[in-house]
Amino acid sequence: MIPRILALLMVFSGLVGALGSAVWAQDAVVSSSNAAGWEFFEKEVRPLLIKRCFECHGGRELKGGLSLASAKGWMVGGESGPAIIPGAPEKSLLIDAIHYLSMEMPPNEAGGKLPPEEISVLTKWVAMGAPDPREGVEVLGGMTREEAARWWAFQPLPSIPVKSISEDVNHIDHLLDQETEKRGLTKSPLADHRILLRRLTYGLTGLPPSPEQVDRFIADTSPDALSNRIRRLLDSPEYGTHWGRRWLDLVRYADTAGENTDRPLPHAWRYRNWVIDAFCRDLPFDQFVRLQLAGDLTTRDQDLASRSEGVVATGYLAIARRFGHDIDKDMYLTHEDVIDNVGKNFLGLTLGCARCHDHKYDPISAEDYYALYGIFESTKFAFPGCEPNGQPRDLVPLLPQEEIDAIMKPWREQQEQWKLATQRREEVAKDVFTNDSIQATRLIQKSHVPEGESVEIRETQISVTNGDVVMLTFEPGDNHGADSTLVDLNLRELGGQRRQWSTTDILDDFTISNPQEANEATWCFIEPTPGGCSYLLERQDQINGQKDLKKWSLGDVPSVFVNVSEKSLKVWTELDARSLFCHPGPKRPVSIAWVSPCNGMLAIRGRVADVHPAPLDGVTFRLEHIARPETGGRLIELGKASTATVSSSISEPIIPVAYAVVDRDAKNSRLQQRGDPKELGPEVPRRWLSVFGGDEVPKGAGSGRRELADWITTNPLMARVMVNRIWEWHFGKGLVRSSNDFGTRGETPSHPELLDFLAVRFVQSGYSVKAMHRLILQSEAYRRASDVPASADPENRWFSRFSRRRLTAEEIRDSLLTLSGELDPSAGAAHPFPEEKTWKFTQHQPFNANYETNRRSIYMMVQRQRRHPFLALFDGADPNASTPARQSTVVPTQALYFINDPFFHAQAAKVAERWETELDQESRLVQAYRLLFQREPTPSERDRLLRFLADYPDERVGKWAALARVLLASNEFLFVE
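1. Some remarks on the overall build of the chain
Here's step 1: Secondary structure summary: the chain contains 35 helices and 27 strands in total.
Here's step 2: Compactness check: the chain gives a C-alpha radius of gyration of 38 Å against a globular reference of 30 Å for 977 residues, more than 25% above the reference.
Here's step 3: For the chain, the C-alpha atoms occupy an extent of roughly 125 × 85 × 55 Å along the three principal directions.
Here's step 4: For the chain, the proportion of its 977 residues judged to be buried stands at 55%.
Here's step 5: Partitioning the contacts of the chain with sequence separation of at least 6, the portion at a separation of at least 24 is 70%.
Here's step 6: Carbon and sulfur atoms form 51% of the exposed surface of the chain, whose accessible area is close to 42,200 Å².

2. Overview of the nonpolar core
Here's step 1: In terms of nonpolar packing, the biggest core is built from 123 residues, with Trp247, Tyr271, Trp274, Phe285, Ile712, Trp727 and Leu758 touching the most fellow members.
Here's step 2: No other element matches helix α24 (residues 716–731), which puts 10 residues into this core.
Here's step 3: Sequence-distant contacts of Leu758, that is, excluding residues within four places in its chain, are made with Ile172, Val723, Trp727, Leu735, Met772, Leu775 and Ile776.
Here's step 4: Of all hydrophobic cores here, the second largest spans 37 residues; its members include Ile444, Val455, Trp552 and Cys598.

3. Thoughts on the packing of aromatic side chains
Here's step 1: By the definition in use, this model includes 47 aromatic pairs.
Here's step 2: For the pair Trp247 and Phe288, a centre-to-centre distance of 5.1 Å together with 65 degrees between the ring planes defines the contact as edge-to-face. In this pair, Trp247 is assigned in helix α13 (residues 237–250) and Phe288 in helix α15 (residues 285–298), connecting sequence segments 41 residues apart.
Here's step 3: Ring geometry for Phe833 versus Tyr851: centroids 5.8 Å apart, planes at 70 degrees, classification edge-to-face. Taken as a pair, Phe833 in the loop between α28 (809–820) and α29 (869–873) and Tyr851 in the loop between α28 and α29 lie far apart in primary sequence, 18 residues in all.
Here's step 4: Judged by relative accessible area, which is 12%, Phe833 ranks as buried.
Here's step 5: Connected via pairs of aromatic rings, a cluster forms that spans Trp247, Tyr271, Trp274, Phe279, Phe285, Phe288, Tyr316, Phe346, Phe762 and Tyr767.
Here's step 6: Across the ring face of Trp798, the terminal group of Arg797 is positioned such that the distance to the ring centre comes to 5.7 Å.

4. Quick notes on the environment of Pro937
Here's step 1: If you trace the backbone, Pro937 turns up in the loop between α32 (921–933) and α33 (939–951).
Here's step 2: Separated by 15 residues in the primary sequence, Pro937 and Glu922 have C-alpha atoms spaced 9.7 Å apart.
Here's step 3: With residues near it in sequence (within four places) discarded, Pro937 still touches Leu925, Val926, Tyr929 and Arg942.

5. With respect to the pairing of strand β18 (residues 579–583)
Here's step 1: Burial analysis of β18 places 5 of its 5 residues in the buried class, the great majority of the element.
Here's step 2: Here β18 shows a buried face lined by Ser579, Phe581 and His583 and a second buried face lined by Leu580 and Cys582.
Here's step 3: Bridging between strand β8 (residues 485–493) and β18 involves 3 bridges; their strand directions are antiparallel. Bridged to Thr485 within β18 is Cys582.
Here's step 4: As paired strands, strand β15 (residues 559–563) and β18 are joined by 5 bridges and run antiparallel to one another. Counted as the bridge partner of Phe561 is Phe581 from β18.

6. Concerning unusual backbone geometry
Here's step 1: A cis amide bond links Met105 to the next residue, Pro106, at an omega of -5 degrees.
Here's step 2: Looking at where Pro106 falls in the secondary structure, it is placed in the loop between α6 (93–98) and α7 (116–127).
Here's step 3: Geometrically, the link from Val557 to Pro558 is a cis peptide bond, its omega value of 5 degrees lying close to zero.
Here's step 4: Along the polypeptide, Pro558 turns up in the loop between β14 (549–553) and β15.
Here's step 5: Its identity as a non-glycine residue notwithstanding, Asp262 has a phi of 50 degrees, on the positive side.

7. Focus on the confidence of the model for the chain
Here's step 1: Mean pLDDT for the chain: 89, with 93% of residues reaching 70 or above.
Here's step 2: Below a pLDDT of 50 lies the segment residues 1–33, which in the model reaches 30 contacts outside its immediate sequence neighbourhood of four places, other chains included.

8. Focus: the packing of α15 against helix α16 (residues 304–313)
Here's step 1: The contact between α15 and α16 brings their axes to 6 Å, and the two run at 130 degrees. Of the possible angle classes, the one that applies to α15 and α16 is oblique. When the axes of α15 and α16 are compared, the crossing they make is left-handed. The segment α15 lies against α16, with Leu291, Gln292, Gly295 and Asp296 engaging Glu309, Gly310, Val311 and Ala313.
Here's step 2: By residue class, the composition of the contact of α15 with α16 is 3 nonpolar, 3 polar and 2 charged.

9. Quick notes on α32
Here's step 1: Look at α32: 18 Å from first C-alpha to last across 13 residues, which is about the 18 Å you get at 1.5 Å a residue.
Here's step 2: For α32, the set of buried residues is Arg924, Leu925, Val926, Ala928, Tyr929, Leu931, Leu932 and Phe933.
Here's step 3: Its side-chain oxygen 3.3 Å from the backbone nitrogen of Glu922, Asp920 forms the N-cap of α32.
Here's step 4: Just downstream of α32, Gln934 is the residue with a positive phi angle, here 60 degrees.

10. Structural notes on the side chain of Thr201
Here's step 1: With respect to the helices and strands, Thr201 occurs in helix α10 (residues 193–205).
Here's step 2: On the basis of relative accessibility, which here comes to 3%, the residue Thr201 falls in the buried class.
Here's step 3: Within the local environment of Thr201, its side chain forms a polar contact with the backbone oxygen of Leu197, the two atoms lying 2.7 Å apart.
Here's step 4: Leaving out residues up to four positions away in the same chain, Thr201 has contacts with Gly206, Leu207, Pro208, Pro209 and Leu233.

11. Observations concerning the packing of helix α18 (residues 331–347) against helix α19 (residues 366–377)
Here's step 1: One way to put it is that α18 packs onto α19 with a least axis distance of 10 Å and a crossing angle of 115 degrees. When the interaxial angle is binned, α18 and α19 end up roughly perpendicular. Considering only the axes of α18 and α19, their crossing is right-handed. For the pair formed by α18 and α19, the contact residues are Tyr332, His335, Glu336, Val338, Ile339 and Val342 on the first element and Tyr369, Leu372, Tyr373, Phe376 and Glu377 on the second.
Here's step 2: Class assignment for the residues of the contact of α18 with α19 results in 8 nonpolar, 1 polar and 2 charged.

Thresholds, definitions, all that
- Residues numbered from 1 in each chain as written.
- Predicted model: local features only at pLDDT ≥ 70, side-chain atom pairs only at ≥ 80, totals over all residues.
- Heavy atoms only, no water.
- Helix = DSSP H or I, 4+ residues; strand = E, 2+ residues; numbered from the N terminus.
- Rg over C-alpha atoms; globule rule 2.2 N^0.38 Å.
- Buried < 20%, exposed > 50% of the residue type's maximum accessible area, 1.4 Å probe, protein only.
- Contact = heavy atoms within 4.5 Å.
- Areas by Shrake-Rupley, 256 points an atom, 1.4 Å probe, with all protein chains shown as cover.
- Core = buried A, V, L, I, M, F, W, Y, C linked by side-chain atoms within 4.5 Å.
- Phe/Tyr/Trp six-rings, centres within 6.5 Å; stacked < 30°, edge-to-face > 60°.
- Lys NZ or Arg CZ within 6 Å of the ring centre and 35° of its normal.
- Pairing = 2+ DSSP bridges.
- pLDDT = per-residue confidence, 0-100.
- Axes fitted to C-alpha atoms, helices over the stretch in contact; angles between N-to-C directions.
- Parallel < 35°, antiparallel > 145°, perpendicular 65-115°, else oblique.
- Left-handed = near helix turned anticlockwise from the far one by under 90°.
- Nonpolar A, V, L, I, M, F, W, Y, C, P; charged D, E, K, R; others polar.
- Expected span 1.5 Å × (residues − 1).
- Polar contact = N/O pair within 3.5 Å; in protein donor to acceptor, adjacent residues only side chain to side chain.

In structure tokens, the structure reads:
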């Protein structure tokens, strides 16, 4: 290294003398700044540097300290000194490195040695004196400010005069035709009315048209037939459902949080339904965006309905994924998820790439990232709960505080009564089993019941007084071998009224109350504790889905449960008919106490059996007589006090809340070095992106979300990105195919003038999404057939035909339900999640569920960690990332779905039933084709299907259901032409 440095010094001294190397380098750049040299740099060198070098030497994190993003960067050089000696490639470290001499750049892991032609370009450039027009320019991330100012996506929208919709439609086709003609491409003819209506109906509603709708459309020869049909489809509530699903794909909507227990989000559905409603009523898109970013702030001074809407809309921010075990400690990752999604969805910019360092390619600096980070760090996000920090909190009420207070007042008063009742219960509990009770207790029988065996309670006669207690207690062994213990206890009065009591007497009214009265006696189900007891107060009127199994418990165990059925039930074990069972918990006994209503002699007998044998240690029971009347009275009094506390604790009013965000104390965030929240750099003011002016959040303005919403909705990127999405969702690909990335790593528009034309018309329409539909769908480009013409580009980049597409997962499922007549058209609401107070999800036992519904698929529960099997199979959106366009795969498991899936078979059978009204086979085939394909079968199709029916086993319903499965699994049904 020393000889090389000496050689460099000799070169510098010979050229610049006492002025020094830096001054010489400055002069060299100036002297070489001629037009030809700069043109060579712009055409040959700059693209090569960006492509090959900027990964390591173009952003904030610079390998070896060397930046090649500006002339100053290579002049100053890195750890080894200046990278270039202008005019002397043989002395320049850059040329040395690309020849793999003293060092190797780019290294093998970054693409390997440059090809000879690229080495030649850089060598020639250095030999020319390294002309570089970038000296003295401001660098923003991976671009200079000058480059950013020239970037196509950042340009203002052009001024285009308003014209009629027919003229605009013609202009769309004119701009497309220019490109097809330039490339010598042949356009497909227009599609027939049947295919067009099917395409339109699926495109706007996600459902198939009915045969009657097709017939009317074909018969309508008026010039307004197409526009009228588009209008009717846009007015349908199914339009909002279908296009709401597209938006939910973008915002990675899910009904679970995504942290390591994947907790449910019971209130996220409000945002989902708001999105659907917004598309239905054609909420102006700029307002749609503002509400999602700052609805709680922009509607603060409006009426209650508007304020509620604004709060619910911020569910867009709240549904960001949570990460890790203790999500409060990992909120920096949630903020990154929000920033990344905001950038991609609204601006087509990958803002998340600037978290650890300046964006390597786009004009986004790390300071820009943390300027936005401060806005969201100044925002309080609803908390979904997590394993170490309990249940949800910070949900946002949808009612004013005074109304909430009025609703809650009766409950709060009731809570005071509950506290008093609880105190009374605790006092009574201490007095139930006193020393006097213990001294008055006489053991009748104590026995051990081995696993799977039965022990008789020997008939015993005792003398009782009104209020005495007969108590049967079950205790688990050391390894908790006690479970599902059958109890058959019978008591008989030997004198007086000669009454009888049995555990079978209390089966039918078992869960009405605890304690429970029967034939003047009282039965109590309790857990005895040192110095007292606790009633089993948690009631279940079914167990494991069995309505004949009912129980009282404290938690899962201990419990007393019954089978009220006239037959035995096979659940976790065989439970005898009309029987009562006890189940102690680990180190927690359980008792059945009987309070005597009589004076005199009593005979007791019965049986105890373990009905769930396992290689454990069985159960022990103890039958006792407490000969003290006060004990029974206090036990009953305790039961009444316990019941009072339960009845008053289950009436808490439900206040409507949203999973949303609100402002918190505003503050600027500090830059996180290399994205590490533990390594903080300087504070960054909350502001807009530098490339767009960098306006700061005014002092006292709160978090800055309101200002952010204004900055985004007035930026031309928002209009360009959204019209590109609308185009993509109709044509299968956008004018910009990288629809989430309008930066330098994305693709440039295939038809830039058309993209800007649509964006201008979008703004002029008041950001009406429906107006965009009407404009695009009437174009000839949309109405073309999908047949591939003789001369066409394989990828259909120039839209010379319509691109055939497979139905999405939701469209397949919704079509099956529609055709079977089983579709529930009502809107979904909350999912049947377990009550929040019961949540005990852990990393090893996270939440997981599938809830069946016959509503549209948008209302299915979407889980982040375990996707619904059907949606995963047919390329549903990934709820963990923005999905601008669905994939369309063809895999063997999809074919297996049509062969084996019970849901598909059930819907196919229902579809077949719709043909039963036709008397002959040929009429049924016609009905089948009209229903599924909106056309009649051809003669060859009819013959083939009749042969299928003839060869099928002679089962009238089975063969038509089989035929339905064949047709529903066909390409004609699964694809839109």
